[in-house]
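# Notes for the structure review
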Amino acid sequence: GGGEQDGVPSLDIVHTSNVWEAMDILDAWAEARHFGLYVSHVRTNVSEFYPQRVNAVAIAHGSKVLVFNLRPYFRNVPQPMPGFIRQFMEDESRTFFGMGIVDGAASLAFELDCVLRVVDFGVRKWPELKVKG
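All of these numbers come straight from a predicted model, not from anything done at the bench.

## Description of the side chain of R94
Looking at where R94 falls in the secondary structure, it is placed in the loop between α2 (83-90) and β7 (95-98). Overall, R94 belongs to the buried group, its relative accessible area being 6%. Ignoring sequence-local partners within four residues, the contact set of R94 consists of W29, A30, A32, R33, F35, Q87, F88 and R117.

## Looking at the nonpolar core
Residues W29, M89 and L108 are the most contacted members of the largest nonpolar core, which totals 29 residues. Where this core is concerned, the elements lending two or more residues are α1 (19-28), β4 (34-47), β5 (50-61), β6 (64-69), α2 and α3 (102-112). Ignoring sequence-local partners within four residues, the contact set of M89 consists of L37, I59, M81, F96, L108, C114 and L116.

## Looking at the environment of I13
Within the secondary structure, I13 is located in strand β3 (residues 12-16). Its relative accessible area of 53% is what places I13 among the exposed residues. Sequence spacing of I13 and K64 is 51 residues, and the spatial spacing of their C-alpha atoms is 5.9 Å. With residues up to four places along the chain from it excluded, the contact list for I13 reads V65 and V67.

## Details of the packing of α1 against α2
Where α1 contacts α2, the axes come no closer than 10 Å and their chain directions differ by 25°. Regarding the angle of α1 to α2, the classification is roughly parallel. For the crossing formed where α1 meets α2, the hand is left-handed. On α2, the residues that touch V19, A22, M23 and L26 of α1 are F84, I85 and F88.

## Quick look at the pattern of salt bridges
For the structure on display, the rule yields two salt bridges. Of the charged contacts in the structure, one is a salt bridge between K64 and D12, with a shortest N-O distance of 3.2 Å. In this pair, K64 is assigned in strand β6 and D12 in strand β3, connecting sequence segments 52 residues apart. Judged by relative accessible area, which is 26%, K64 ranks as partly exposed. A relative accessible area of 27% means that D12 is categorised as partly exposed.

Conventions we followed
- Note on numbering: residues in each chain are counted from 1, in written sequence order.
- The predicted origin of the model limits local features to residues at a pLDDT of at least 70 and limits the giving and counting of side-chain atom pairs to 80 or more, whereas totals for whole chains, interfaces and linings rest on all residues.
- In computing side-chain properties, one takes all heavy atoms of the structure into account and sets aside hydrogens as well as water.
- Helix numbering and strand numbering both begin at the N terminus, where a helix is a DSSP run of H or I of at least 4 residues and a strand a DSSP run of E of at least 2.
- Whether a residue is buried, partly exposed or exposed follows from its accessible area with a 1.4 Å probe, protein chains only, as a fraction of its type maximum: under 20%, in between, or over 50%, in that order.
- We call two residues in contact whenever any of their non-hydrogen atoms come within 4.5 Å of each other.
- Each nonpolar core is a collection of buried residues, namely Ala, Val, Leu, Ile, Met, Phe, Trp, Tyr and Cys, held together in the definition by side-chain atoms within 4.5 Å.
- Throughout, an axis means a line fitted to C-alpha atoms (over the contacting stretch in the case of helices), and angles, computed between N-to-C directions, take values from 0 to 180 degrees.
- Roughly parallel covers angles under 35 degrees, roughly antiparallel covers those over 145, roughly perpendicular covers 65 to 115, and oblique covers all other angles.
- Here a crossing is taken to be left-handed if its near helix is turned anticlockwise relative to the far helix by less than a right angle, and right-handed if that turn runs clockwise.
- Should a side-chain nitrogen of Lys or Arg be within 4 Å of a carboxyl oxygen of Asp or Glu, the pair is scored as a salt bridge.

What follows is the structure, given as structure tokens:
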């Protein structure tokens, strides 16, 4: 992690389904309050009313990104999301930011009963920028 290339910060991306590895990362972020969020979906053949489900969550803080794969936990009914991740995300002192994350947050709420606080920059109405030219 750290450093830049062509003005873009380099990222340290950890893609895992290992609960211990994820727990170590989230524990290191225990005092942090603001995170980037992306929710990945995968198509399913369950029914036309349930065409996709949450596949992974990507949580970013600083230059580190945790991508936690939920597929190995799909059969863990009724808790397909490990509890420590749910507790981390549902902590009311934390806010998750991103573009277009309202749908992802809704998926987490309806599919995994994980309700979190989000700010979606794609939904918020920003004042128009006026370009002189």
